[in-house]
Amino acid sequence: MPFLTDTPLDLAGLIAEVTAPDRGGVAAFVGTVRDHHGGRPVVELEYSAYGAMAEAECGRIVEDTERRWPVRVALRHRIGLLAIGEAAVAIAVAGAHRDEAFAACRHVIEELKRRVPIWKRERYADGTVEWVGTGQAASLTAPGGRP
Amino acid sequence: MVTTASTTVHILLFASYAERLGLERIDAALRPGATVADALAYLRALPGGAELPARPLCARNLAHVGADAALADGDELAVLPPLAGG
């Protein structure tokens, strides 16, 4: 199942993917499109990605998270044109207890923002359009990669 | 006849960087032993390339790397504007 999709996100579906009888703690995070940025009204937003790498990075994040905590993770990120209030990212994490579910869910969204090559362009009420860079900007080195 | 060995790197640009340089993909013939920093120097010499930041995010063959990472013939090097997922 690809991590990137151009169709609306389905959190209930992600929760169903990770839920099991022995996993009693389920944590979820949904990031939606805000109607403002830097004090300016935003009317719509377009996400684009370096698709092959974004898929690979999301896969690494899920694998690393499931290795670090005893949880199952489901993750999707929307690309394309989104309206205000639509979900851009959805994460569901299930573990035996709430502690690992919350910790792992937080880890997934922070790593996604830090590592996954996705960009957004906002269109403002005054008609101007700008690329928005809010996340990682300086050079990163992947653990386990070639030096 | 003299042949000069070189390392061809497929450079990809995205989002604001693609707009600044007016291209999404360019093949660069670099010296053998070239690093990511050499590829960035090549880009900076192109029209619009001077606007690239000093240390942009880079990925070699789908994984993040630093500026001192070595490049091999046929590698894909992506130069990534500040990320904005989530």
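This report concerns the structure included in the present document. In this text, all values refer to a predicted model and were calculated from it rather than measured experimentally.

What counts and how
Residues numbered from 1 in each chain as written. Chains lettered and ligands numbered in written order. Predicted model: local features only at pLDDT ≥ 70, side-chain atom pairs only at ≥ 80, totals over all residues. Helix = DSSP H or I, 4+ residues; strand = E, 2+ residues; numbered from the N terminus. Rg over C-alpha atoms; globule rule 2.2 N^0.38 Å. Contact = placed C-beta atoms within 7 Å. Axes fitted to C-alpha atoms, helices over the stretch in contact; angles between N-to-C directions. Parallel < 35°, antiparallel > 145°, perpendicular 65-115°, else oblique. Left-handed = near helix turned anticlockwise from the far one by under 90°. Nonpolar A, V, L, I, M, F, W, Y, C, P; charged D, E, K, R; others polar. Pairing = 2+ DSSP bridges.

What about the overall build of chain B?
So, point 1. When helices and strands are tallied, chain B shows 2 helices and 5 strands.
So, point 2. Secondary structure elements of chain B, listed N to C terminal, follow the sequence β-α-β-α-β-β-β.
So, point 3. Compactness check: chain B gives a C-alpha radius of gyration of 13 Å against a globular reference of 12 Å for 86 residues, within 12% of the reference.
So, point 4. Taken over the C-alpha atoms alone, chain B extends approximately 50 × 25 × 20 Å along its principal axes.
So, point 5. Considering only contacts within chain B whose residues lie at least 6 apart along the sequence, 54% involve residues at least 24 apart.

With respect to the packing of helix α2 (residues 51-68) of chain A against helix α3 (residues 98-115) of chain A
The description of two packed helices rests on the angle between their axes and on the distance between the axes.
Residues and elements named next belong to chain A.
So, point 1. Following both chains from N to C, one finds α2 and α3 inclined at 150°, their axes separated by 10 Å at the closest point. The orientation of α2 with respect to α3, classified from their angle, is roughly antiparallel. In this structure, α2 meets α3 at a crossing whose hand is right-handed. Along the contact surface, α2 presents E57, I61 and T65, while α3 presents A104, H107, V108, E111, L112 and R115.
So, point 2. A per-class count over the contact of α2 with α3 returns 4 nonpolar, 2 polar and 3 charged.

Remarks on the sheet that holds strand β1 (residues 4-5) of chain A
Each strand in a sheet pairs with its neighbour through backbone hydrogen bonds, running either in the same direction (parallel) or in the opposite one (antiparallel).
All names here are of chain A.
So, point 1. Here we have 4 strands laid out as an open sheet, ordered β1-β5-β7-β2, and mixed in their pairing. Two strands close off the open sheet at either side, each with one partner strand: β1 and β2 (25-32).
So, point 2. The pairing of β2 with strand β7 (residues 87-95) spans 8 bridges and is classified as antiparallel. By the bridge assignment for β7, T32 is matched with A87.
So, point 3. Where helix α1 (residues 11-18) meets the sheet, it contacts β2, β5 (71-78) and β7, and its direction lies at approximately 25° from that of β7.
So, point 4. Taken strand by strand, α2 contacts β1 and β5, and its axis lies near 160° from that of β5.

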